[in-house]
Amino acid sequence: MKKGIKIIIGAICGIVIIGVGIIVGVTKDIPAMCNTPVNKINISEIPDGTYEGKFEYSRWLSEVEVKVKGGKIIAIERLSNPLIPDVSKNLFEQIIDKQQVDIDAVSGATATSKAYLKSVEIALSKTRN
């Protein structure tokens, strides 16, 4: 009976250690992502066209296509798989409404928001000489 209890306790300890390792691994880069700056871009100076941007850091990957016409962003399309949670639609609507990239992140999804915002910033930055 004692041997069975030791096996059960050992299994539980192993599961706890693995669980803690997974949590630490998944969350370790969140502070860095949350503090990633998104730079202002003067949209009115961007030539008409379609621009692609890709941002990749740790577990975050965001690729977008940004369409500009008449000095305004008219459309943003997500090219990569959605990040979790997928807040791209909300963010892209805000960017188009405000005509700026450095907007507030979605509450509860700051790291994911920053990945999407950085990919839009990168797309529009490609137009600079």
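Scope of this entry: the structure provided in the associated data block. (Residues numbered from 1 in each chain as written. Predicted model: local features only at pLDDT ≥ 70, side-chain atom pairs only at ≥ 80, totals over all residues. Heavy atoms only, no water.)

### Observations regarding the side chain of Glu121
For clarity, the cut-off: Only DSSP runs of H or I with at least four residues qualify as helices, and only runs of E with at least two residues qualify as strands; both kinds are numbered from the N terminus onward. The buried label applies to any residue whose accessible area, calculated with a 1.4 Å probe on protein chains only, is under 20% of its type's maximum; exposed applies above 50%, and partly exposed to all values in between. We call two N or O atoms a polar contact when they sit within 3.5 Å, provided that within protein one can donate a hydrogen and the other can accept it, with sequence-adjacent residues counted only if both atoms are side-chain atoms. Residue contacts are defined here by distance: any two heavy atoms, one from each residue, within 4.5 Å place the two residues in contact.
Assignment of secondary structure puts Glu121 in helix α4 (residues 110–125). The exposure class assigned to Glu121 is buried, which follows from its relative accessible area of 6%. Among the polar contacts made by the side chain of Glu121, one reaches the side chain of Asn39 at a distance of 2.8 Å. Beyond its immediate chain neighbours, meaning those up to four positions away, Glu121 contacts Pro37, Val38, Asn39, Ile41 and Val101.

### Quick word on the pairing of strand β1 (residues 49–57)
Counted only if it meets this: Following DSSP output, two strands are said to pair if at least two bridges run between them.
The sheet contact formed by β1 and strand β2 (residues 60–69) spans nine bridges and is antiparallel. Bridge pairing in β2 links Gly53 to Val64. With antiparallel pairing between neighbouring strands as the criterion, β1 and β2 make up a hairpin whose turn holds two residues, including Ser58 at a positive phi of roughly 50°.

### Digging into the side chain of Ser119
As for its position among the elements, Ser119 is in helix α4. Residue classification places Ser119 among the buried positions, given a relative accessible area of 0%. In this structure, Ser119 is in contact with Gly53, Lys54, Phe55, Ser62 and Val64, ignoring residues within four places of it in sequence.

### Considering unusual backbone geometry
When glycine is set aside, most residues are seen to have a negative phi, and most peptide bonds are trans. Even without glycine at this site, Ser58 takes up a positive phi of about 50°. Inspection of the secondary structure puts Ser58 in the loop between β1 and β2. You can call Ser58 partly exposed: its relative accessible area is 47%. If you check the backbone angles, Gln99 has positive phi at about 55° while not being a glycine.

### Thoughts on the environment of Asn42
With respect to the helices, strands and loops of the structure, Asn42 is situated in the loop between α2 (30–34) and β1. Taking the relative accessible area as the measure of exposure, Asn42 reaches 40% and is therefore partly exposed. Each C-alpha atom, one on Asn42 and one on Val101, is 9.2 Å from the other, the two residues being 59 residues apart in sequence. In terms of polar contacts, Asn42 uses its side chain to reach the side chain of Ser44, at 2.6 Å.

### A short note on the pattern of salt bridges
Should their charged atoms come close, side chains of opposite charge can pair. Heads up, the rule is: Any carboxyl oxygen of Asp or Glu within 4 Å of a side-chain nitrogen of Lys or Arg constitutes a salt bridge here.
In total, this model carries four salt bridges according to the counting rule given. Lys54 is the salt-bridge partner of Glu56, the closest N and O atoms lying 3.8 Å from each other. The exposure class assigned to Lys54 is partly exposed, which follows from its relative accessible area of 44%. Of the charged contacts in the structure, one is a salt bridge between Asp86 and Arg78, with a shortest N-O distance of 3.6 Å.

By themselves, these observations are geometric and do not establish any function.
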